[in-house]
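# Structural features, examined
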Amino acid sequence: GRLELLLRYAWYDTDCNKSGYIDQSEFLQLLSRINIYLKQEKAIQIYKKFIKEQHNNNQRKSKLSLRNFNKQHGITLEECVYLLRKIRKILHATSENGKDKKRNNTDHRRNEISDAIFDRLFGPEKEVVSAREFLHGFLHWKQNDGGATLEDVRNLFQKLNGMELSQLGEDNDDEEEGGRVDGGKAGDDNDGGKENKEETIDRLHFAEYLFGPHNDAFRPEKVMFDRTLMDKPLSHYWINTSHNTYLTGDQLKSLSSVEMYAAALQRGCKCLEIDCWDSDSKTNNPMVYHGYTVTSKIPFHEIISCVKAYVDANPETLPIILSLENHCTHPFQKTMAQTLETTLGDALYIPKPGMLFLPSPVELVGKVLIKGKRPADKEDDETITVESVDQTLPDGKENSSEPVLPKICPELARLTMFNGVKYRNFEQSNEMSCTDMHSFSELKVSKLTKDPANVPLWRKYNLDHLSRTYPAGGRVDSSNYNPIAAWSLGCQMVALNFQTDDSAMVLNDGRFRENGGCGYVLRPRSTFPMNEDRNSCKGRVMLRIRVLAAACLPKPNGDIAGEVIDPFVVVRVHDMIDSVKVDGSGSSPKTKVIKDLAGMSITGAKNSVVKDITDKSNVIKRSISHQVEILETTERKTDTVKDNGFCPQWDDSEVFSFTVGCPDVAMLQIVVMDDDGGGLLDDTVCKAAIPVSCLRQGYRSVRLNDQYGSQHGPFGFARLLLDVSIENCL
């Protein structure tokens with residue numbers, strides 16, 4: 001179970017002498033480590049009482065009676081699991097402010113959310129539930145899982161009952177009894193064997209299911225890689241894309257590192273950016289760094305070797321696109337071409353001239369594609385938009401004076417699949433070759449979408465061509481913009497700074513968890529051109545969320561030491577809405593609604609908080625007059641649970657309601673915070689994001705991640721329990 005795994009993770013740091021036992025001092029240290037706060041005298045009392053009871057209880061047929069109990073030995077891991085379950089009951093028997101709960105105060109077990117749910121579904125008198133009751137009374141009725149069968153439930157029960165749990169069942173809710181600690185598995189006390197394991201589960205295993213991966217809020221069929229969806233042109237997909245991939249920090253003075261490319265690839269990124277410049281080398285070896293800054297430099301060939309190593313280790317990878325921002329002279333460009341061909345070998349995709357349609361991802365498995373510049377047509381000015389030196393003027397307008405880059409040598413042009421062309425208008429863009437593409441800064445996106453006529457034209461362009469968006473040049477701190485608006489327009493490559501821990505990257509990780517994390521997600525219908533309506537988002541839904549409980553929350557940054565956290569949960573919905581539906585009424589005191597033209601709200605890298613618009617009424621007025629689409633971020637917060645990151649529970653009567661205008665693009669974001677006094681002092685503990693279209697209804701478990709979108713270390717055990725309801729709006 002989760003508790004056993006968490007304790008094994010923390011045990012060997014706590015068991016200093018590696019004896020297999022922890023003494024009283026180490027027990028107190030362990031409680032703090034896993035975010036449990038008890039007054040020291042109370043914790044010592046529990047520990048000593050347990051030691052005494054088990055020492056005097058030699059009549060019990062358990063592991064405890066098979067050894068000579070010695071106070072100097074302390075307690076084993078299995079015994080510690082049992083003690084922590086007793087402590088969890090004590091924590092749940094008191095409210096968040098430490099006052100005794102009046103209801104069910106004689107029954108500590110009934111204060112646990114899993115037992116309350118069990119009682120509500122199957123009755124308080126029951127200790128086990130049958131497979132048939134679980135199917136009809138829970139999966140079909142509450143979880144809205146009409147496709148589940150009795151065979152599915154039996155297979156699930158077999159897995160749940162096969163879990164290693166150190167204590168099977170309750171201790172009869174009597175603190176005076178020692179309970180049972182046997183390290184066994186479900187079904188050990190029954191004669192039914194395998195058949196019994198398939199037919200029933202008890203309360204403890206039901207709790208494991210509620211918080212476990214089988215009950216994930218993310219639809220399992222959406223998490224799985226579906227090869228049958230990979231036969232459409234590349235332009236039909238959202239592609240996981242990185243901006244200035246080489247940087248480890250800000251855009252001005254941070255280090256550049258090849259490791260950032262390896263990290264981005266492991267995170268599912270499929271479009272990497274490489275800024276290439278001449279070096280002082282006599283061998284014409286290009287260097288990669290952020291031009292006109294003091295960022296450090298790394299050799300071009302080391303990055304290509306890194307990409308090749310990834311392809312060799314993952315031969316079934318969907319295509320990797322290298323976005324070359326080429327500032328090199330011809331001698332260095334020739335070296336680049338030679339490096340690409342010799343290092344990548346057969347993995348390098350060399351396009352055929354006159355391509356009429358873009359290939360599909362499945363046709364390019366294991367291939368590396370080049371995005372850059374080919375010799376320009378007569379109509380083009382043979383320049384490339386230089387996003388690395390993009391600057392924002394004080395009035396918010398972009399600097400149009402861009403340096404002219406060198407012409408591309410034939411050796412490199414021959415390898416280039418996607419040709420970057422300067423944007424003029426979408427009427428002209430829609431007549432271009434399918435391999436010609438545009439790159440837009442976030443400010444350009446905002447400017448273009450203020451004219452409602454551009455929206456359907458852009459979506460039409462994205463049907464057969466690729467668009468790439470990237471952060472404004474003013475984001476020298478490497479902060480990110482909200483990607484929802486660009487995704488809603490059908491932009492395939494929404495480039496983000498992967499090195500920055502902010503809300504945009506949480507959304508990106510959540511979006512590309514879909515389809516097995518392969519880096520390609522088939523775009524929904526609303527992002528394609530629609531004839532009958534400019535706003536192609538259809539089918540508004542009402543999303544209702546109840547935050548119920550969390551389990552095994554780590555400390556901020558996964559720290560071992562530090563205060564026990566005071567968690568609260570922030571729930572956000574990021575959505576694209578039509579301007580005619582915007583109004584400023586109906587928000588509760590706990591609701592924060594942020595609306596922004598074109599959705600390009602600035603997201604602070606340090607605090608991951610979307611900044612509000614100063615004159616909201618003016619924004620709404622302008623929105624309606626221009627009938628543009630607006631990114632709406634609605635935020636709700638729970639109360640704070642004091643001194644409990646181990647098993648916090650929240651008021652289950654509080655419902656957060658969100659009207660979602662475009663559910664196939666909208667995202668649900670969850671952030672668990674540590675309350676340190678409010679505002680900038682609060683620390684982020686863990687986070688997650690799920691596309692609304694991928695949400696499952698009912699009591700569901702949310703997998704929580706660290707700042708890198710992973711579940712490494714203590715984050716592997718962190719879960720949040722929600723009650724999710726989705727209804728179509730009339």
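Let us look at the structure shown here. Everything numeric in this text was worked out from a predicted model, so none of it was measured.

One pass over the full model with this rule turns up 29 salt bridges. Salt-bridge contacts for Glu112 lead to Lys89; the nearest nitrogen and oxygen are separated by 3.5 Å. Remark: Lys89 occurs in helix H4 (residues 77–92) and Glu112 occurs in the loop between H4 and helix H5 (113–122); sequence separation between them is 23 residues. One exposure class covers both Glu112 and Lys89, and it is buried. In this structure, Glu727 and Arg544 form a salt bridge, with 3.4 Å as the shortest nitrogen-oxygen distance.

Ranked by internal contacts, the top residues of the largest apolar core, which has 91 residues, are Ile274, Leu322, Leu324 and Leu340. Among the elements that take part in this core, helix H12 (residues 300–313) stands out by supplying seven residues, more than any other. For Leu322, the contacting residues outside a window of four places in its chain are Leu272, Ile274, Ile304, Val307, Leu340, Val368, Leu369, Ile370 and Lys371. The next biggest cluster of nonpolar side chains, apart from the first, holds 58 residues, and it includes Val81, Tyr82, Leu156 and Ala549.

Under the counting rule described, the total for this entry stands at 23 aromatic pairs. Their ring planes at 40° and their centres at 6.3 Å tell us that Phe426 and Phe440 sit as a pair that is tilted. You can see Phe426 sitting in helix H15 (residues 426–429) and its partner Phe440 sitting in strand E10 (residues 436–441), a full 14 residues away along the chain. Classification of Phe426 by relative accessible area gives buried; the value is 1%. With a centroid separation of 6.2 Å and an interplanar angle of 75°, the aromatic rings of Trp487 and Phe512 are classed as edge-to-face. Here Trp487 is found in helix H18 (residues 484–488), whereas its partner Phe512 is found in the loop between helix H19 (503–511) and strand E13 (520–522), with 25 residues between them in sequence.

With that out of the way, let us pick up the layout of surface pockets. The computed volume of the second largest pocket comes to approximately 920 Å³. In terms of lining, the second largest pocket is formed by 50 residues, of which the most central are Gln266, Arg267, Gly268, Asp509 and Gly709. Those elements that place two or more of their residues in the lining of the second largest pocket are helix H11 (259–266), H19 and strand E20 (683–691). Considered class by class, the residues forming the lining of the second largest pocket number 18 nonpolar, 22 polar and 10 charged.

Moving on: the pairing of strand E18 (residues 656–660). Regular strands place their side chains on alternate faces of the sheet. Only one face of E18 is covered, namely the face carrying Phe656, Phe658 and Val660; the face carrying Ser657 and Thr659 is uncovered. Pairing geometry for strand E14 (residues 541–551) and E18, over five bridges, is antiparallel. In the sheet register, Ile545 faces E18, and the bridge partner there is Phe656.

What counts and how
- Residues numbered from 1 in each chain as written.
- Predicted model: local features only at pLDDT ≥ 70, side-chain atom pairs only at ≥ 80, totals over all residues.
- Heavy atoms only, no water.
- Salt bridge = Lys/Arg side-chain N within 4 Å of Asp/Glu carboxyl O.
- Helix = DSSP H or I, 4+ residues; strand = E, 2+ residues; numbered from the N terminus.
- Buried < 20%, exposed > 50% of the residue type's maximum accessible area, 1.4 Å probe, protein only.
- Core = buried A, V, L, I, M, F, W, Y, C linked by side-chain atoms within 4.5 Å.
- Contact = heavy atoms within 4.5 Å.
- Phe/Tyr/Trp six-rings, centres within 6.5 Å; stacked < 30°, edge-to-face > 60°.
- 1 Å grid on protein atoms, 1.4 Å probe; cavity = no way out; pocket = protein on both sides within 12 Å on 5 of 7 lines; lining within 4 Å.
- Points joined across faces, edges and corners; volume = space filled by probe spheres on them.
- Nonpolar A, V, L, I, M, F, W, Y, C, P; charged D, E, K, R; others polar.
- Pairing = 2+ DSSP bridges.

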